[in-house]
Amino acid sequence: MKKHYLLLLALLCMATFTVKAQHESGFLVGSGIGSLNKDFYQNKLVSSYSASYRFNLSLGYRYRAFTATPLFFDMDANLGVRQWHSEYVPNSYYSDAYYSMIIKDYTSNFYFLSVGGTANYSLYKGLSIGLGVEPTYYFKCTGEGSDNHFDVPLVGKVAYRFRPIEIGLSYKYGLMNVVKNENMKSGKFRDLQLSLWIPF
């Protein structure tokens, strides 16, 4: 009877180890740069427009599920911010002397919550590549606002897994006109982000 109990205990331990080996989760930190694919409204009162992407920053959680093949899946939940700067120079020909001296500039922060997923493939040892999407909701916008608060960027990434951590480089291609207001007809984010994943 004791042997049966020991055998049952061993099987339970093996099952627990197998389940743990198939799933991982941990903290996710990311930061990077990018660009803003933009289009301005034509306004005779403005002589020149400019808008530049400054940085992105995110903190989150990653859940990873393995399969019996080199294919594995990541689910990420992130809270973060994207910052960009815009400037509008008045046209002195159509403006009075006082107004023509005023240059309007904005530093805009778009705070977001995203939940995305990627399908990944192990190439060699710790090296892997992945493709996926990252639905994103912008819950707060400061500076220049926006009429659209939702985006679904396409995600491509390459990562390398060291023993305690994983370092990844991802490119996020925004599909929606997230920056859309009285000055800008459209604006789509393009992110290049370096991430650090720390499994528990």
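The structure we're discussing is the one just above.
We now turn to the structure provided with this report. No experiment lies behind these values; they were computed from the predicted model shown. (Residues numbered from 1 in each chain as written. Predicted model: local features only at pLDDT ≥ 70, side-chain atom pairs only at ≥ 80, totals over all residues. Heavy atoms only, no water.)

**Structural notes on the overall build of the chain**
Okay, step 1: Of regular secondary structure, the chain possesses 2 helices and 10 strands.
Okay, step 2: Moving toward the C terminus, one meets the helices and strands of the chain in the order α-β-β-β-α-β-β-β-β-β-β-β.
Okay, step 3: Taken across its 200 residues, the chain has 36% of its residues classed as buried. (Helix = DSSP H or I, 4+ residues; strand = E, 2+ residues; numbered from the N terminus. Buried < 20%, exposed > 50% of the residue type's maximum accessible area, 1.4 Å probe, protein only.)

**Some details on the environment of Phe-200**
Okay, step 1: Structurally, the position occupied by Phe-200 is in the segment after strand S10 (184–199).
Okay, step 2: In the structure, Phe-200 is positioned 175 residues away from Ser-25 in sequence and 6.2 Å away in space, judged by C-alpha atoms.
Okay, step 3: Once residues lying within four places of it in the same chain are set aside, the contact partners of Phe-200 are Ser-25, Gly-26, Phe-27 and Tyr-61. (Contact = heavy atoms within 4.5 Å.)

**Thoughts on the side chain of Ser-114**
Okay, step 1: Of note, Ser-114 is situated in strand S4 (residues 104–124).
Okay, step 2: Exposure remark for Ser-114: the relative accessible area of 0% places this residue in the buried category.
Okay, step 3: Side-chain polar atoms of Ser-114 contact the side chain of Glu-134, separated by 3.1 Å.
Okay, step 4: Leave out the neighbours within four places in its chain, and Ser-114 touches Asp-76, Ala-77, Asn-78, Glu-134, Pro-135 and Thr-136. (Polar contact = N/O pair within 3.5 Å; in protein donor to acceptor, adjacent residues only side chain to side chain.)

**Focus on the pairing of S4**
Okay, step 1: Relative to S4, strand S3 (residues 71–90) runs antiparallel, the two sharing 18 bridges. Bridge pairing in S4 places Asp-74 opposite Thr-118.
Okay, step 2: As paired elements, S4 and strand S6 (residues 136–142) share 6 bridges and run antiparallel to each other. Of the residues in S6, the one forming a bridge with Tyr-111 is Lys-140.
Okay, step 3: Alignment of S4 against strand S5 (residues 127–133), held across 7 bridges, turns out to be antiparallel. (Pairing = 2+ DSSP bridges.)

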